[in-house]
Structures are given as C-alpha cells and as structure tokens.
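# A look at the structure
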Amino acid sequence: MSEAPPQDIANPQMSLTTKEGWRAFVDENPDPPPSLPSGTVLDEDELESYRETRIDYHTRSVIVKTPTIRGVVTTSRKRIVLNRHQVSARRGLIVSGSAGTGKTTAITQLGKNVEQITRRRNPTAVGGLPVVFVTVPPAATPKMLAGEFARFLGIPLEHRMSQVQITNAVCDLLGKLGTTLVLVDEIHNLDLTTRNGAEASDQLKYLSERIAATFVLAGLDVETSSLFQGTRGQQIAGRYTVIPSRPFGHRNRADKESWQALVVTMEDSLRLHAHRPGTLVAMTDYLHERTGGLIGSLSQLIREAAVDAIDSGTEKITKRMLDEIELDHAVQKTRPDRPRSKYAHRPKAA
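Being a predicted model, the structure only gives us computed values, none of them experimental.

Turning to its location among the elements, Thr 75 is positioned in helix 3 (residues 67-82). Of the residues examined, Thr 75 reaches a relative accessible area of 18% and is grouped as buried. Once you skip the residues sitting within four places of it in the chain, Thr 75 turns out to touch Leu 93 and Ile 243.

Right, here's the structure in full:
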C-alpha cells in the first residue's frame, strides 16, 4: 500500500476585507494535487483524502492574465510611481464593467502583486501594510465607509465614536503602516443622486487626500452610473482613468484566439484522471455560447463540472455534463434554451 498524498485542504478563506484575510490571500499559492503513479493503491481513508484534496483544488478559481488584469496592473504601477511625490490630487484608476467580467479579480491580483513585490524589496520590514482592500456597503454613509477601513485594520470601534474620530484613526494608522495602494470594490454603491451617496463620495475623496496612496476603484458600469455626474463627478473624472472590463468577444480571429487561450489555461489546470487534453479546447464555440464570454461564468462552469466528474467517478468533462449545469441568471436569461438545444440533445458525448 502506497503512502497517500498529503492532505492540503485549507480552512475556509477569511474575508479579504480584513487585514488577516488579505494577508492569507497574498500568501496563498496552492500547489495542484500530485498525480498518482500508475499502480498506486490507496486504502479507503487515503482515497477519500485524495478525493477531497482534488475537489478543494477545483473549487479555487484559476487566475488567468486576461487583457483586463494586464491593463490594470500596468497602469496602476505607473500611477503608484507617479503618485510617489504627490501631496494632493493623486491620480487613480477605475475598473468598470458588467458582472462576471473579472473586475474584482483584476484589482485583487493587482494588490497581491504589489504586496508581494513590496515584501521582496523589503524582506526585513515587519508590520507594514502596503495594500488595503475594502468594499463600499449598500447605501453607504461617510461613517460607514470610514468604518469599512477601520474594520480592515482591526481598529476597535466604540459606539460613540464620530465619523471624524474614525477617519482620523484610519488615516493615522495607514500612514504609520506605509500603505501605498488602496483598493475599493463595489464603487457603484455610491449613488451621487442621494445625500448619503454624495457625502460618502466626499469622504472617499477626503481619504484619498489624507492617505498617501494610489486609489484603485472597481464597480458595475461606472461610466453610466451617477459617479461622474455633477461637480463631484467632474472631480472624480478628472483624477481617475477608466479601464473597461468586458466579456470576451468571439467575432474575429483575434477574439477567438484570446478566448481559446483562456480555455486552454483552465483545461490545463484540471486534475482529472480520465479527461483527455484538448476536449474543452474543441468546445470553445460552445463554451462561449454558454457563458456569453464571461470569464466568471466560464470558471464556474468548468470548476463545477470538474467537481461533478470527481463525485460521479467519471473523471472527465463532457458536453452532456456541461449542459446539465445551471449558470448564473445573467447568463441564463440572455442564453435561452433554444440555442442550447443543438448541444443538449446530441448523441452520446465524447
């Protein structure tokens, strides 16, 4: 009986909106489960452990260097350098697009990259916090927004603390910790047509003045939201570059090659015993039709199919299996059953 591969199932991820969760995310670099040599025999407990290890591996999203991620990383690095000696009016970045196009992934990968580089350059530095990640809560008030920064930092919030007190505590601590990049997700929750939203926008602007860092924001279709409207919106538009995050196209050769490269990367990450390499690549047209070119939907589809393949014991992904997976509502409502039927009722899948 051979020794079972080591079990490497991480605890459930902590929230990225706490410094502990963020550091765990930056440190995370999970290796794929090892392949078992031919003839390996495992007892029941070892087999179950190996199975759970592979399931856990396939529940993790595969990070692909998409055009959006490359654009965000390249542009943000330039902003960080240009802002190094700015005392006010620092330039920032906004990642805007529809749901499922990889906005959050792009900014979190940027943050991970920046923090890892900072650590390598200053290996002896202890206790610093190069990157902060927060999300804008729905119907955010200025105090709620300041509270999100405080929660990330672990600053105890007493019930009677005012907005000014929380803001000062946040800014003072971030200055001491040497923060150079602030990531703010769900920026579309700032509705400048409401009093709370307008005041929360002012709070964000104030924080960007007080904190000597580059701010990178992300949200749903920001260009068409209220964020750029009125005097406040003009100030934001004058300081931030917008990088669009779009679904992958499929109209010309370049579009199809980019989509195929994405599928290849995801297929190469699979750890299924009976899956034939190239099976998913041969289905690139089908996969684009199913997902509308949304990287989030493609990731869900392939990862769920991989888990199903392990659970069922088939150890491979087929069209029939993919057809049975229900995707998110945004994709389903724009992809009615009629176009899918040409795939769903084909003879036995390969």
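Next comes the rest of the account.
Attention shifts here to the confidence of the model for the chain. On average, residues of the chain score 87 in pLDDT, and 89% of them reach the 70 mark or higher. Overall, residues 1-12 carries pLDDT values under 50, and its contacts beyond four positions in sequence, including any with other chains, amount to 23 contacts.

Before going further, it helps to spend a moment on the packing of helix 5 (residues 142-153) against helix 7 (residues 195-210). Put simply, helix 5 and helix 7 touch, their axes get as near as 8 Å, and they point 40° apart. Between helix 5 and helix 7, the crossing angle belongs to the class labelled oblique. On helix 7, the residues touching Pro 142, Leu 145, Ala 146 and Phe 149 of helix 5 are Asn 196, Glu 199, Ala 200, Gln 203, Leu 204 and Leu 207. Across the contact of helix 5 with helix 7, the residue classes break down as 7 nonpolar, 2 polar and 1 charged.

In this fold, Gln 203 is placed in helix 7. Among the polar contacts listed, one links the side chain of Gln 203 to the backbone oxygen of Pro 142, at a separation of 3.3 Å. If we ignore the near neighbours within four places in the chain, the residues touching Gln 203 are Pro 142, Leu 145, Ala 146, Gln 163 and Thr 167.

With that out of the way, let us pick up the nonpolar core. One broad trend across soluble globular proteins is that nonpolar side chains are buried collectively. Grouped together as the largest cluster of nonpolar side chains are 54 residues, with contacts concentrated most on Phe 149, Leu 183, Val 184, Ile 187, Leu 190 and Phe 215. If we skip the residues at most four places from it in the chain, Phe 149 touches Val 132, Val 134, Val 170, Leu 174, Val 182, Leu 207 and Phe 215. If you look at the next biggest cluster of nonpolar residues, it comprises 27 residues, including Leu 270, Leu 298, Ala 305 and Ile 317.

Here the focus is the pattern of salt bridges. By the definition in use, this model includes 15 salt bridges. Arg 51 is the salt-bridge partner of Glu 52, the closest N and O atoms lying 2.7 Å from each other. Residue classification places Glu 52 among the partly exposed residues on the basis of a relative accessible area of 29%. Residue Asp 311 pairs with Arg 51 through a salt bridge whose shortest N-O separation is 2.3 Å. Of this pair, Asp 311 sits in helix 11 (residues 295-312) while Arg 51 is found in helix 2 (residues 44-58), placing the two residues 260 residues apart along the sequence.

Further remarks concern a positive patch on the surface. A contiguous patch of positive charge on the surface is contributed by Lys 65, Arg 70, Arg 77, Arg 84, Arg 120 and Arg 121. Elements with a contribution of two residues or more to the positive patch: helix 3 and helix 4 (103-121). Mapping Lys 65 onto the fold places it in the loop between helix 2 and helix 3. On the accessibility criterion, Lys 65 (66% relative accessible area) is exposed.

Sheet architecture is open: 5 strands sit in the order 2-3-4-1-5, paired in parallel fashion. The sheet is open, and its two edges are formed by strand 2 (131-135) and strand 5 (240-245), each paired on a single side. Neighbouring strand axes in the sheet, compared pairwise and without regard to direction, differ in orientation by 15° on average. Bridge count between strand 1 (residues 92-97) and strand 5: 6 bridges; the pairing is parallel. Its bridge partner being in strand 5, Ser 96 is matched across the sheet by Pro 244. Helix 8 (residues 230-239) contacts strand 1 and strand 5 of the sheet and is inclined by roughly 80° relative to strand 5.

Reading guide: rules and limits
Residues numbered from 1 in each chain as written. Predicted model: local features only at pLDDT ≥ 70, side-chain atom pairs only at ≥ 80, totals over all residues. Heavy atoms only, no water. Helix = DSSP H or I, 4+ residues; strand = E, 2+ residues; numbered from the N terminus. Buried < 20%, exposed > 50% of the residue type's maximum accessible area, 1.4 Å probe, protein only. Contact = heavy atoms within 4.5 Å. pLDDT = per-residue confidence, 0-100. Axes fitted to C-alpha atoms, helices over the stretch in contact; angles between N-to-C directions. Parallel < 35°, antiparallel > 145°, perpendicular 65-115°, else oblique. Nonpolar A, V, L, I, M, F, W, Y, C, P; charged D, E, K, R; others polar. Polar contact = N/O pair within 3.5 Å; in protein donor to acceptor, adjacent residues only side chain to side chain. Core = buried A, V, L, I, M, F, W, Y, C linked by side-chain atoms within 4.5 Å. Salt bridge = Lys/Arg side-chain N within 4 Å of Asp/Glu carboxyl O. Patch = residues over 30% accessible without salt bridge, like charges linked within 9 Å, V, L, I, M, F, W, Y side chains within 5 Å. Areas by Shrake-Rupley, 256 points an atom, 1.4 Å probe, with all protein chains shown as cover. Lys, Arg positive; Asp, Glu negative; His and termini not counted. Charge placed at Lys NZ, Arg CZ, Asp CG, Glu CD. Pairing = 2+ DSSP bridges.

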